[in-house]
There are 2 protein chains.
Amino acid sequence: MSNPVREAHARIRAFIHRTPVLTSRTLDAESGNRVFLKCENFQRAGAFKFRGACNAVLQLAPEEKQRGVVTHSSGNHAQALALAARLTGVTCRVVMPANAPEIKRRATAGYGAEIIPCEPTLQARLAAASRVVADTGAVLIPPYDDDRIIAGQGTAALELLEDVPELEAIFAPVGGGGLLAGTALAAQTAARPPRVIGCEPAGADDAYRSFKTGVRVEHAVPHTIADGLRTTLGARNFEIIRRHVADIVLVAEEEIVEAMRFVWERMKIIIEPSSAVAVAPVLFRKAGLAAKKIGVILSGGNADVETFFAALRSSLRQ
Amino acid sequence: MSNPVREAHARIRAFIHRTPVLTSRTLDAESGNRVFLKCENFQRAGAFKFRGACNAVLQLAPEEKQRGVVTHSSGNHAQALALAARLTGVTCRVVMPANAPEIKRRATAGYGAEIIPCEPTLQARLAAASRVVADTGAVLIPPYDDDRIIAGQGTAALELLEDVPELEAIFAPVGGGGLLAGTALAAQTAARPPRVIGCEPAGADDAYRSFKTGVRVEHAVPHTIADGLRTTLGARNFEIIRRHVADIVLVAEEEIVEAMRFVWERMKIIIEPSSAVAVAPVLFRKAGLAAKKIGVILSGGNADVETFFAALRSSLRQ
């Protein structure tokens, strides 16, 4: 049976990295489950977002490609779209909040995109992007509320299920809902679909509240270190999530930090706070699962490590 | 032909991780070479040291196993020996300088070893270890100046050459010289042995000076953030290095930090400063190589990330 995630995977597979699936004895012991981490921190541009961006850009008509693309993003989608556009010879403009992490702004510009700064509100982002569309005719590629993006993001879970077919649950972070909705669609391709569980910071719980009440929260004031999850749940994303997601669990800020530290220190890989949001419920046994095979989508590795290296550099001068 | 590194690999292969070999487009572009990173940061206990420790412990006679083992180490060898001892049911005592990184002390104790603190000098370490031997009959497993240790450490390069047989050069950090000497012995197993190049902090250049003058420097006052490389070159190590190593290059402290940051930020893996010492000459084109296939041994990932997470935790309280 045809599935948009399978179609997306066929379209983008030559462009993306097939990222590794890592395991850890210590994580298994702490969790009481067998845990398989899908490492999108090793994806091109450092996050799963490259999958959706590729899937969108590769479906542009020739005349759309000539006009170029534009998006508004706090970071990972921006880098992803910039790289996908460069690989396909398309001009890319990115509206980015002035408070976006420096590492993300630098990387996006490094992929050849033009950065257009704006105020850090959804309204300001949308308005600035609309102006670019009006002025240049560029095609808007939204960061998550888009069927092409959702299908592309789902290819991470699709690959994970190819590598570990008998998973009983998959944990994925939820911000705008592109990754979670795509993961839920990917799960439907399995002979016995795993339970898909969304993981959200308690300080940005709009998806949780939408899921529990059945009414999408359209405005929220997020407060979380997981900068990739400060976006508000999209409409298309919510429709898929309410149908195909088993549950959404909330994670405290301290748990995000400790889960991130666990992965850095024990597994020696860099994950960003948004990734840790999906690790935390598994590590701290918050999902009521035991002795199961569990997948976790690590969304990306674009953490700002400047504090660490600033301290290290300053130690050189002592 | 028999080779001690091949024999060591046959002995330890069921205990160690066969670590992955990673590549990076960006690193290749910066270096002007094709670079293959052997990721001992993913080795058990977080560093290549587990290889040598396993090779030593597995060769103990039954009555030696009963008496237990002891070592003196600034960290990675201690963790490695503690884990190797635990896996083989042997008691382990570790003499450790009082200024060793907290992460390493905690991990060593976590593997069940008894920690015996001492002053941070080679003399104090040797004296404390001798006392333990006299008091308990424990077998001293030195961190590097030991043929079993050297052969074990060489198995990382042996695996790298199995995965990428046509390497023209291999870069490895040098402190006490266990890894570099083992790498040099491993290189001899290749049909066309690669040039083996030692990499050393300029602030701890005893191996460089020994290599250039032909006379081993026996006393040095190291000053480097690469805590794993503050040891002084061993006698056995020097004999192998002077025969089989092509060159030793020096790396400035700032280069260590920038190479470390490059790997963290671009490759999303945690490496410790000692690993970055072998990346720096490749990244900054200090070895006069172009368009070659080059291997780099990443020694480990036991970096103390407390500064990073302390800053992150403090940001939660704002």
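Since we're looking at a predicted model, the values are computed, not measured.

Attention shifts here to the environment of Gly198(A). Residue and element names in this part refer to chain A. Secondary-structure assignment places Gly198 in strand 8 (residues 195-201). Sequence spacing of Gly198 and Leu22 is 176 residues, and the spatial spacing of their C-alpha atoms is 20 Å. Other than its neighbours up to four places away in sequence, Gly198 contacts Ala172, Val174, Leu180, Val245, Asp247, Ile248 and Val249.

On to the domain arrangement of chain A. All names here are of chain A. Domain parsing of chain A yields domain 1 (4-46 + 147-298) and domain 2 (49-140). With centres defined by C-alpha atoms, the gap from domain 1 to domain 2 works out at 24 Å. With 24 residues of domain 1 in contact, the opposing surface of domain 2 contributes 24 residues. By the criterion of area lost to domain 2, the three top residues of domain 1 are Phe15, Ala45 and Arg148, representing 32% of everything that side buries.

Residue and element names in this part refer to chain A. With their axes 8 Å apart at the nearest point, helix 3 (residues 49-57) and helix 5 (residues 76-87) run at an angle of 45° to one another. Between helix 3 and helix 5, the angle falls in the class oblique. The element helix 3 and its partner helix 5 pack so that their crossing is right-handed. Contacts between helix 3 and helix 5 involve Lys49, Phe50, Ala53, Cys54 and Val57 from the former and Asn76, His77, Ala80, Leu81, Leu83, Ala84 and Leu87 from the latter. Taken together, the residues of the contact of helix 3 with helix 5 break down into nine nonpolar, two polar and one charged.

As a further point, take the side chain of Gln43(B). Residues and elements named next belong to chain B. For Gln43, the position within the fold is in the loop between strand 2 (34-39) and helix 3 (49-57). Using a relative accessible area of 3% as the deciding quantity, one classes Gln43 as buried. Residue contacts for Gln43: discarding those within four places in its chain leaves Ile16, His17, Thr19, Phe48, Phe50 and Arg51.

Residues and elements named next belong to chain B. The geometry of helix 1 (residues 4-12) relative to helix 9 (residues 155-163) is characterised by a closest axis approach of 9 Å and an angle of 90° between their N-to-C directions. Between helix 1 and helix 9, the crossing angle belongs to the class labelled roughly perpendicular. Taking contact as the criterion, the partners of Val5, Arg6, Ala8, His9 and Ile12 in helix 1 are, on helix 9, Thr155, Leu158 and Glu159. In terms of residue class, the contact of helix 1 with helix 9 is built from four nonpolar, two polar and two charged.

Our focus in this paragraph is the relation of the copies chain A and chain B. For the pair chain A and chain B, the relating rotation is 180°, the translation along its axis is 0.0 Å, and the fit reaches an RMSD of 0.0 Å. The operation mapping one copy onto its partner corresponds to a two-fold rotation axis. Both copies share a contact surface, since 100% of the interface residues of chain A are interface residues in chain B too.

A few words on the sheet that holds strand 5 (residues 114-118) of chain A. Residues and elements named next belong to chain A. Reading across from one edge, 5-4-3-6 is the order of the four strands in this open sheet, with parallel pairing throughout. Either end of the sheet is taken by a strand with one partner, and the two such strands are strand 5 and strand 6 (139-140). By the bridge criterion, four bridges tie strand 3 (residues 69-72) to strand 4 (residues 92-97) in an arrangement that is parallel. What sits directly across from Val69, in strand 4, is Cys92. Here helix 7 (residues 122-136) sits on the sheet in contact with strand 3, strand 4, strand 5 and strand 6, set at roughly 160° to strand 4.

Glancing now at the interface of chain A and chain B. In this complex, chain A contributes 36 residues to the contact, which on the side of chain B involves 36 residues. Buried area between chain A and chain B, both sides added, is near 3,200 Å², and the carbon and sulfur share of it is 65%. When the buried area of chain A at its contact with chain B is split by residue, Arg261(A), Lys268(A) and Phe308(A) rank highest and sum to 22% of it. Where chain A touches chain B, the interface holds six salt bridges. The tally of links between chain A and chain B comes to twelve residue pairs in polar contact (both at pLDDT 80 or more). Only helix 6 (102-110), helix 13 (253-267) and helix 15 (306-316) of chain A provide two or more residues apiece to the side of chain A that touches chain B. Looking at the side of chain A that touches chain B residue by residue, the class counts come to 15 nonpolar, nine polar and twelve charged.

Before going further, it helps to spend a moment on the side chain of Thr224(B). All names here are of chain B. Note on placement: Thr224 falls in the loop between helix 11 (206-213) and helix 12 (235-244). Among the polar contacts made by the side chain of Thr224, one reaches the main-chain amide nitrogen of Ala226 at a distance of 3.0 Å. Contacts of Thr224, omitting those with residues within four sequence positions, involve Pro201, Ala204, Arg230, Glu253 and Ile256.

Let's shift gears to the environment of Ile269(A). Among the structural elements, Ile269(A) can be located in the loop between helix 13 and helix 14 (273-283). Residues Ile269(A) and Leu233(A) lie 36 residues apart in sequence; the distance between their C-alpha atoms is 28 Å. Discounting chain neighbours no more than four positions away, the residues touching Ile269(A) are Leu22(A), Cys39(A), Asn41(A), Phe42(A), Val263(A), Trp264(A), Leu298(A), Phe42(B), Lys268(B), Ile269(B) and Ile270(B).

The full count for this structure, using the stated rule, is seven aromatic pairs over all chains. With 5.1 Å between their ring centres and 75° between their planes, Trp264(A) and Phe309(B) make a pair best called edge-to-face. Residue Trp264(A) is located in helix 13, and its partner Phe309(B) is located in helix 15 (residues 306-316); the two belong to separate chains. There is no split in this pair, since Trp264(A) and Phe309(B) are both buried.

As a further point, take the environment of Gly177(A). Residues and elements named next belong to chain A. Looking at the secondary structure, you find Gly177 in the loop between strand 7 (169-173) and helix 10 (178-187). Gly177 sits in the buried class, given a relative accessible area of 4%. Distance from Gly177 to Leu233, taken between C-alpha atoms, is 5.6 Å for residues 56 residues apart in sequence. Apart from residues no more than four positions distant in its own chain, Gly177 is found in contact with Leu233, Asn237 and Ile241.

All names here are of chain A. Among the six residues in strand 4, six count as buried, and that is most of the element. The alternating pattern of strand 4 places Cys92, Val94 and Met96 and Arg93, Val95 and Pro97 on opposite faces, both of which are buried. Strand direction decides the pairing type here: strand 4 and strand 5, joined by five bridges, are parallel. Directly across from Pro97, in strand 5, lies its bridge partner Cys118. Crossover strand 4 to strand 5 through helix 6 is right-handed.

On to the sheet that holds strand 10 (residues 293-298) of chain B, then. All names here are of chain B. Strand order in the open sheet made by the six strands is 1-2-10-7-8-9, with mixed pairing throughout. Looking at which strands have only one partner, the edges of the open sheet turn out to be strand 1 (21-22) and strand 9 (247-251). Where strand 1 meets strand 2, two bridges bridge the pair, whose relative direction is antiparallel. When the sheet's bridge partners are listed, Val21 is paired in strand 2 with Lys38. The strands that helix 9 touches are strand 1, strand 2, strand 7 (169-173) and strand 10; relative to strand 10, the one it contacts most, it runs at about 145°.

The rules behind each value
Residues numbered from 1 in each chain as written. Chains lettered and ligands numbered in written order. Predicted model: local features only at pLDDT ≥ 70, side-chain atom pairs only at ≥ 80, totals over all residues. Heavy atoms only, no water. Helix = DSSP H or I, 4+ residues; strand = E, 2+ residues; numbered from the N terminus. Contact = heavy atoms within 4.5 Å. Domains from an automatic or database assignment. Buried area = accessible area lost by both parts, 1.4 Å probe. Axes fitted to C-alpha atoms, helices over the stretch in contact; angles between N-to-C directions. Parallel < 35°, antiparallel > 145°, perpendicular 65-115°, else oblique. Left-handed = near helix turned anticlockwise from the far one by under 90°. Nonpolar A, V, L, I, M, F, W, Y, C, P; charged D, E, K, R; others polar. Buried < 20%, exposed > 50% of the residue type's maximum accessible area, 1.4 Å probe, protein only. Least-squares fit on C-alpha atoms with pLDDT ≥ 70 in both. Pairing = 2+ DSSP bridges. Salt bridge = Lys/Arg side-chain N within 4 Å of Asp/Glu carboxyl O. Polar contact = N/O pair within 3.5 Å; in protein donor to acceptor, adjacent residues only side chain to side chain. Phe/Tyr/Trp six-rings, centres within 6.5 Å; stacked < 30°, edge-to-face > 60°. Right-handed = clockwise from strand over helix to strand, strands pointing away.

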